[in-house]
Amino acid sequence: MATPTSSPPDRPSVTKPIIEARQLGKVYHSGKLAVTALSDVSFTADPGEFVAIVGPSGSGKSTLFYILGGLTQATSGSLYIDGAEFSRMSDIERTRMRRAKIGFVFQRFNLLPTLTAMGNIEIAHDIANLGAQEKTPLDRPLLDHLADLMGIKGRLNHRPSELSGGEQQRVAIARALISRPAIVLADEPTGNLDTKNSEAVLDMLRRSSRELNQTVLMITHNPEAAQIADRIIHMRDGRIRTIEKGAARLVHEAWTE
Ligand SMILES: Nc1ncnc2c1ncn2[C@@H]1O[C@H](COP(=O)(O)OP(=O)(O)OP(=O)(O)O)[C@@H](O)[C@H]1O
Ligand SMILES: [Mg+2]
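Residues numbered from 1 in each chain as written. Chains lettered and ligands numbered in written order. Predicted model: local features only at pLDDT ≥ 70, side-chain atom pairs only at ≥ 80, totals over all residues.

Chemist: How do you make sense of the sheet that holds strand β5 (residues 84-85) when you look at a structure like this?
Modeler: The pairing of strands in a sheet comes from backbone hydrogen bonds and takes either a parallel or an antiparallel form. Spatially, the four strands line up as an open sheet ordered β2-β1-β4-β5, and their pairing is antiparallel. Only two strands of the sheet have a single neighbouring strand rather than two, namely β2 (33-45) and β5. Pairing of strand β1 (residues 19-30) with strand β4 (residues 76-81), which is carried by five bridges, proceeds in the antiparallel orientation. For Glu20, the partnering residue across the bridge sits in β4 and is Tyr80. (Pairing = 2+ DSSP bridges. Helix = DSSP H or I, 4+ residues; strand = E, 2+ residues; numbered from the N terminus.)

Chemist: Looking at this model, I keep getting lost on the nonpolar core. Mind explaining?
Modeler: Soluble, globular proteins show a tendency: their nonpolar side chains are buried together. In this structure, Ile53, Ile173, Ala174, Leu185 and Met218 are the most contacted members of the largest nonpolar core, which totals 64 residues. Of all the elements, helix α5 (residues 165-177) adds the most residues to this core, at six residues. For Leu185, the contacting residues outside a window of four places in its chain are Phe65, Leu68, Gly69, Ile102, Phe104 and Leu217. (Core = buried A, V, L, I, M, F, W, Y, C linked by C-beta atoms within 7 Å. Buried ≥ 20, exposed ≤ 12 C-beta atoms within 10 Å, placed from the backbone. Contact = placed C-beta atoms within 7 Å.)

Chemist: I keep staring at the sheet that holds strand β10 (residues 239-245) and nothing clicks. Help me out?
Modeler: Spatial strand order, β6-β7-β8-β3-β9-β10: six strands in an open sheet with mixed pairing. Strands with a single pairing partner mark the edges of an open sheet, and in this sheet they are β6 (102-105) and β10. Adjacent strand axes in the sheet meet at a mean angle of 20° when their direction is disregarded. Here β6 runs beside strand β7 (residues 183-187); their pairing, made up of four bridges, is parallel. Note on β7: the bridge partner recorded for Phe104 is Leu185. Of the strands in this sheet, β6 and β7 touch α5, which is tilted by about 170° from β6. (Axes fitted to C-alpha atoms, helices over the stretch in contact; angles between N-to-C directions.)

Shown next, in the form of structure tokens:
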């Protein structure tokens, strides 16, 4: 199939990065102590790209995610999300942007214990809708698709305590994806899972990034997991040391060779 050489004028160029970080720095102050968690972090990520972030404990990976997700501010540098500078926005604008464009997946799942799997997904949709100019109803076909993709169709009426760790994480991913965020930030999504469930979760993240053209940034300690990414960012002491190409393959493609 022929590839168009330029985008139609009414559509943004496909090569415009969705994330652009320029010399981000972060210093935490606790009492008299100043801890430099990030220094001079610059990179871009394209729409639909899968980026793994690896590095030793304390190298600043989660701090970078908190900044990318608008949960904390960088001390220096600038960050553009979909062309808009995050640090120049008011708190309200940043929160709105986060709800509309960014989905989070955490190591500890963070599902609400009193709600069913379905309730957890619905509330995420409601939150994403808060402050939105046009309210959108829950996308039932997408929910069905995600439930299928995540293998949780029969589990939607269960509470988190009635689900396995792998199932809880897959519900958490469905919850992150239901509002079609352009960016998914996953901080060690397989950190609490055994090998089999880890593979399933990684496959689902990789597939959804391809199918829904989502940019996924995933922190991982597992070198094999990192290989499913298009690019791998290596961090140490709050800095990016190298950025290498990943194998960009599904786990099963990578691990059955
Ligand atoms: N709220 C905070 N106040 C003070 N220092 C902090 C705070 N949060 C993180 N740090 C410090 O900043 C540095 C980077 O921490 P960060 O959590 O980003 O590392 P990480 O790469 O995610 O580590 P891990 O792999 O253990 O999760 C560490 O030295 C940490 O102690
Ligand atoms: Mg961390």
